[in-house]
Amino acid sequence: MPILNNYALDRWVQADTGLVAIPSALDGSIVAETSSQGLDFAAMLRHARVVGGPALRAMTFHERARLLKGLAEAITARKEELYALAVHTGATRTDNWIDIEGGAGTLFAYASKGRRELPNARLLIDGDTEVLSKRGGFIGQHVYTPLQGAAVHINAFNFPVWGMLEKLAPTLLAGVPAIVKPGTATAYVTKAAFRIMIDTGLLPPGALQLIVGATGDLFEHLTGQDVVSFTGSAQTAAKLQNHPAIAREGVRFVAERDSLNAAILGPDATPDSPEFALFVKEVVREMTVKAGQKCTAIRRALVPASLIDEVQAALKTALSKVVVGDPASESVTMGALVGTTQLADVRAKIALLSQEARIVHGDGGPVAGADERGAFIAPVLLRTDDPDKAELLHEVEAFGPVATLMPYRDLAHAAALANRGKGSLALSIVTHDPSVATELLLGLGSFHGRIHILNRDCARESTGHGSPLPVLVHGGPGRAGGGEEMGGIRGVKHYMQRTALQGSPDMLSVVTGTWLTGASRQEGEVHPFRLRFGELSIGYTKVTAARTITLEDIEHFAHFTGDTFYAHMDEEAARASPIFGGRVAHGYLILSFAAGLFVDPAPGPVLANYGLEGLRFIKPVKPGDSIQAALTAKEKTAKTPEMGEVRWNVAVTNQAGELVATYDLLTMNAV
């Protein structure tokens, strides 16, 4: 049988002692052995910090985004190797699609967001400039820079590929090296996916390392520049988070722990409504996908007391159609738990829950026709009619195909019951009534990391209750760990330090590579639109001539565009306004005239104007006022070998030098 290799200091390392056997979920046969004995964990961390970190930080966000895309393409190209291995985890091909191709999809998503939302630079500006002095010669600016430590990723067994990649995507995009520790029960799948990434040759030395065994004294060597990101049980999370080094060094600790997620059927539902059917379908799906071994799975199904009998009957009918068995069989719709140890734990938890609820479907015993050596169990549905008196139902999680049905009296009661889980990763509200969704959100929002509002309008396109998405936060408060993963670019920032810079506008503009408010402008004889991307310097400015805006201009613009708003056409009404004090020019007339002042019409390096951002109209412009514009190259971002994006600051002022409008103009310029 194969012995899984660790990957440390850029080489594969096989342990020969302390081996732990990993059984197949299907028949108990040994799939692999694993151990991490003999690894120098201090050296691994040092290698990540000294070799991997500098190599990643030398790359720009866009270069790291392209790296993620390359890794995703490699995983996708060799996915069948992973599917072949993953069948031993007990999951069906559909389940493993979520894990394998969902993991690759997360890398693709972060690669795309990195290219679209982050600069082609090595630091990230955060927010607007803060002027700290009367004359504007002293300013503040927040920036993000990568941590100079290592990210230690401790993952759960249930998603051996996605669980690794959803942590790696934001980590590598941030420029931080990672040490991956997978859940032992499925480490053979993680190791195979890890090897695919190493085989690409895309990763710089020290960027990734792998521990397929115990972490030994790894935590003893952590520093305040390191991050621990953990997925697993609350008990293990507490043990790790209370490690002396975590407190002593101030190590960032991100936890995604077990969670008693709930689904609430709105009181507007009836047995023949689409929402009733959607609720039943969602609960059954969450009970059976991955055999219920999901941190987001629905554990408590809350329904109006008047509907509980009908919901129970519908759930029993749907659950009776679930076919449990070998996931390689096309007729099977639910596979096995990850192993017999997990099976024993789930049965023990069912016994605990049965003290406060009665089983109304399934029994937790052997499954007819399934291999008795495997970890097969049929779905188990429990019911309580008095959830207020229950304690265990709101505290104990059976990490398998198990859920409890319970009634509520009104929306306040439903929210209170859902919140008794003390914090969850995900909650679903199934309703077609916006007032129901609003009231529940206000009653339970602070207890749940993600709320999925499902009804007939979005059902066809909904990704479902239990599907974390790269663009949304994955995490939850309280019992769920209080951590956050993914959430788009927000997830990248968890591996970076936000620092407040203070200094002169000129100094901070150079340091950040972006023209900041108050910094010097450089005017030249060449119009900036005649300069190619590589020739244009940050701060290069075109100050235009002035143009007087007449009443005829305003009226012509109004009739030509159809915008005859009273402020432009009705002197008496405009004079009565507390804002205008008389007729004023259209804001879009100001923009159009400003463009006419600074645009160079001939074909040249500026290929296209594709938008503006941050538009604000500061002061009204009245007939007889004149305007002029200052166009300043604010930021440059290379997009392709042929072109790059230029962000221009446009400041429009009147004859008194007062700012009347400001915005950022985006152009695509030839390199």
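Presented here is a report on the structure given in the accompanying data block. (Residues numbered from 1 in each chain as written. Predicted model: local features only at pLDDT ≥ 70, side-chain atom pairs only at ≥ 80, totals over all residues. Heavy atoms only, no water.)

### Some remarks on the overall build of the protein chain
The helix and strand tally for the protein chain stands at 19 helices and 28 strands. In terms of overall dimensions, the protein chain has C-alpha extents of about 90 × 60 × 45 Å along its principal axes. For the protein chain, the residues scored as buried account for 55% of the 671 residues in total. Contacts in the protein chain between residues at least 24 apart in sequence constitute 73% of all its contacts with a sequence separation of at least 6. For the protein chain, the exposed area adds up to about 27500 Å²; of that, 54% sits on carbon and sulfur atoms. Measuring between centres, the 62 positive side-chain charges of the protein chain sit 4 Å from its 70 negative side-chain charges. (Helix = DSSP H or I, 4+ residues; strand = E, 2+ residues; numbered from the N terminus. Buried < 20%, exposed > 50% of the residue type's maximum accessible area, 1.4 Å probe, protein only. Contact = heavy atoms within 4.5 Å. Areas by Shrake-Rupley, 256 points an atom, 1.4 Å probe, with all protein chains shown as cover. Lys, Arg positive; Asp, Glu negative; His and termini not counted. Charge placed at Lys NZ, Arg CZ, Asp CG, Glu CD.)

### What about the packing of aromatic side chains?
Per the stated rule, a full pass over the model turns up 10 aromatic pairs. When the centroid spacing of 6.1 Å and the interplanar angle of 80° are considered together, the rings of Trp12 and Phe194 count as edge-to-face. Of this pair, Trp12 sits in strand S2 (residues 11-13) while Phe194 is found in helix H6 (residues 187-199), placing the two residues 182 residues apart along the sequence. Judged by relative accessible area, which is 24%, Trp12 ranks as partly exposed. Judged by relative accessible area, Phe194 falls into the buried class, the value being 0%. Taking the centre distance of 5.4 Å and the plane angle of 65° together, the rings of Phe529 and Trp648 count as edge-to-face. With Phe529 in the loop between strand S22 (522-523) and strand S23 (540-543) and Trp648 in strand S27 (residues 643-654), the pair connects residues that are 119 residues apart, well separated along the chain. (Phe/Tyr/Trp six-rings, centres within 6.5 Å; stacked < 30°, edge-to-face > 60°.)

### What about the environment of Ala633?
Mapped onto the fold, Ala633 is located in strand S26 (residues 626-638). Expressed as a C-alpha distance, the spacing of Ala633 and Ile451, which sit 182 residues apart in the sequence, is 42 Å. Sequence-distant contacts of Ala633, that is, excluding residues within four places in its chain, are made with Trp515, Leu536, Ser537, Ile538, Gly539, Tyr540, Arg647 and Trp648.

### Quick look at the pairing of strand S7 (residues 151-154)
The alternating pattern of S7 places Ala151 and His153 on one face and Val152 and Ile154 on the opposite face, and all of these are buried. Where S7 lies against strand S8 (residues 178-181), 4 bridges are found, and the strand directions are parallel. Bridge assignment links Val152 to a residue of S8, and that residue is Ile179. Since S7 and S8 lie parallel, the crossover through helix H5 (residues 162-174) that links them has a hand, and here it is right-handed. Pairing analysis gives 4 bridges linking S7 to strand S10 (residues 227-231), with the strands arranged parallel. Along S10, the bridge assignment pairs Ala151 with Val227. (Pairing = 2+ DSSP bridges. Right-handed = clockwise from strand over helix to strand, strands pointing away.)

### Examining the sheet that holds strand S12 (residues 261-265)
With respect to topology, 7 strands assemble into an open sheet ordered S14-S15-S16-S13-S12-S17-S18, the strand pairing being mixed. Edge positions in the sheet fall to strand S14 (358-361) and strand S18 (448-454), since each has one partner strand and no second. Neighbour-to-neighbour, the strand axes of the sheet open up by a mean angle of 25°, direction not taken into account. Note that S14 and strand S15 (residues 380-383) share 3 bridges and pair antiparallel. Residue pairing in the sheet places His361 in a bridge with Leu381 of S15. Sheet strands in contact with helix H10 (residues 308-319) are S12, strand S13 (298-304), S14, S15 and strand S16 (402-408), and its direction is about 165° off that of S16. Relative to S16, helix H11 (residues 340-353) is tilted by about 20°, and along the sheet it contacts S14, S15 and S16. (Axes fitted to C-alpha atoms, helices over the stretch in contact; angles between N-to-C directions.)

### Topic: the packing of helix H16 (residues 551-561) against helix H19 (residues 587-598)
Here H16 crosses H19 at 105°, and the two axes come no closer than 10 Å. Put simply, H16 runs roughly perpendicular to H19. Residues Asp553, Ile554 and Phe557 of H16 touch H19, and the partners they reach there are Tyr588, Leu589, Ser592 and Phe593. (Parallel < 35°, antiparallel > 145°, perpendicular 65-115°, else oblique.)

### Section: the side chain of Glu275
Considering the arrangement of structural elements, one finds Glu275 in helix H9 (residues 274-288). The exposure class of Glu275 is buried, given its relative accessible area of 1%.

### Let's talk about the side chain of Thr637
Mapped onto the fold, Thr637 is located in strand S26. Discounting residues that sit within four places of it in the chain, Thr637 has contacts with His62, Pro119, Asn120, Phe533, Gly644 and Glu645.

### Regarding the packing of helix H2 (residues 61-77) against H6
With their axes 9 Å apart at the nearest point, H2 and H6 run at an angle of 125° to one another. The orientation of H2 relative to H6 falls into the category oblique. The two elements H2 and H6 meet at a crossing, and its hand is right-handed. Contacts between H2 and H6 involve Leu71, Ala74 and Ile75 from the former and Ala193, Ile196 and Met197 from the latter. (Left-handed = near helix turned anticlockwise from the far one by under 90°.)

### Some words on the nonpolar core
If you look at the biggest cluster of nonpolar residues, it comprises 66 residues, and the most contacted ones within it are Ile264, Leu265, Phe279, Val311 and Leu440. For this core, the element with the highest residue contribution is H9, accounting for 7 residues. Ignoring any residue separated from it by four or fewer positions in sequence, one finds Phe279 in contact with Ala263, Ile264, Leu265, Ala301, Leu302, Val303, Val311 and Val430. Counting 62 residues, the second-largest nonpolar core is a separate cluster that includes Val31, Leu147, Val180 and Met486. (Core = buried A, V, L, I, M, F, W, Y, C linked by side-chain atoms within 4.5 Å.)

### Side note on the pattern of salt bridges
Inspection of every chain in the model, using the stated rule, returns 32 salt bridges. The partner of Lys79 in a salt bridge is Glu101, and the shortest N-O contact between them spans 3.5 Å. Separated by 22 residues along the polypeptide, Lys79 in helix H3 (residues 79-86) and Glu101 in helix H4 (residues 93-117) bring together distant segments of the chain. For Glu101, a relative accessible area of 24% corresponds to the partly exposed category. The shortest N-O distance in the salt bridge between Arg358 and Asp385 comes to 3.2 Å. Separated by 27 residues along the polypeptide, Arg358 in strand S14 and Asp385 in the loop between S15 and S16 bring together distant segments of the chain. Each of the salt bridges in this network shares a partner with another, and the network as a whole consists of Asp309, Arg358, Arg383 and Asp385. (Salt bridge = Lys/Arg side-chain N within 4 Å of Asp/Glu carboxyl O.)

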